[in-house]
Amino acid sequence: MIGVLVISHEPLGTALIRATRHVFGRLPAQLAALDVIPDEDPEAAYRAACELALRINDGSGLLVLTDCFGATPSRVAIRLAQPQRVQVLAGVNLPMLLKALGNRRMELSELVAAVSATGQHAICEMANPSKEAA
């Protein structure tokens, strides 16, 4: 089963993971968060990310979700990327994380496409939501 790692500005990753417990009734397996604190040494954050990645990846692959492209958490996340083994998506939101957790038996490339589409469709004007967002 594909592992999911959220690397984000503190406290977003932990908050998103706690929200999954609310939705699923338990904390899903092979899920972790790395909350990067202000002024954290990027090398220390990278080492922590590597440790978490090793812990939650059973060899099926790893999806890394990060918040803001270009910020320190995303720069840490992209260093974990490995073709066909570890893929990274920026712009994490709760619908993306839920989609990832509910579909971790897909091929990693298919999961990335599905999670990316879900994240995009989750952004909608509430007066006129898309069918995909509903």
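Here goes a summary of the coordinates provided.

Calculation criteria
- Residues numbered from 1 in each chain as written.
- Predicted model: local features only at pLDDT ≥ 70, side-chain atom pairs only at ≥ 80, totals over all residues.
- Heavy atoms only, no water.
- 1 Å grid on protein atoms, 1.4 Å probe; cavity = no way out; pocket = protein on both sides within 12 Å on 5 of 7 lines; lining within 4 Å.
- Points joined across faces, edges and corners; volume = space filled by probe spheres on them.
- Nonpolar A, V, L, I, M, F, W, Y, C, P; charged D, E, K, R; others polar.
- Salt bridge = Lys/Arg side-chain N within 4 Å of Asp/Glu carboxyl O.
- Helix = DSSP H or I, 4+ residues; strand = E, 2+ residues; numbered from the N terminus.
- Buried < 20%, exposed > 50% of the residue type's maximum accessible area, 1.4 Å probe, protein only.
- Expected span 1.5 Å × (residues − 1).
- Contact = heavy atoms within 4.5 Å.
- Pairing = 2+ DSSP bridges.
- Axes fitted to C-alpha atoms, helices over the stretch in contact; angles between N-to-C directions.

## Things to note about the layout of surface pockets
- Approximately 370 Å³ is the volume found for the largest pocket.
- Lining the largest pocket we find 19 residues, and of these Asn57, Leu62, Gln82, Arg85 and Val86 sit closest to its centre.
- Residue composition of the lining of the largest pocket, by class: nine nonpolar, eight polar and two charged.

## Some remarks on the pattern of salt bridges
- By the definition in use, this model includes one salt bridge.
- Among the ionic pairs, Glu43 bridges to Arg79, the shortest N-O distance being 2.8 Å. Residue Glu43 is located in helix 2 (residues 42-56), and its partner Arg79 is located in the loop between helix 3 (72-78) and strand 4 (86-90); the two are separated by 36 residues in the primary sequence.
- Taking the relative accessible area as the measure of exposure, Arg79 reaches 40% and is therefore partly exposed.

## Observations concerning helix 5 (residues 108-121)
- An ideal rise of 1.5 Å per residue puts 20 Å on 14 residues; helix 5 measures up with 20 Å between its terminal C-alpha atoms.
- Those residues of helix 5 not exposed but buried are Leu108, Leu111, Val112, Ala114, Val115, Thr118 and Gly119.
- As for helix 5, its buried residues are in contact with strand 3 (62-66), strand 4 and helix 4 (94-102).

## Focus: the sheet that holds strand 1 (residues 3-9)
- With respect to topology, four strands assemble into an open sheet ordered 2-1-3-4, the strand pairing being parallel. Unpaired on one side and paired on the other, strand 2 (31-36) and strand 4 mark the two borders of the sheet. Pairwise comparison of adjacent strand axes, ignoring direction, gives a mean angle of 20° for this sheet.
- Relative to the sheet, helix 1 (residues 12-24) contacts strand 1 and strand 2, its axis offset from that of strand 2 by approximately 155°.
- Those strands touched by helix 2 are strand 1, strand 2 and strand 3, and its axis lies near 175° from that of strand 2.

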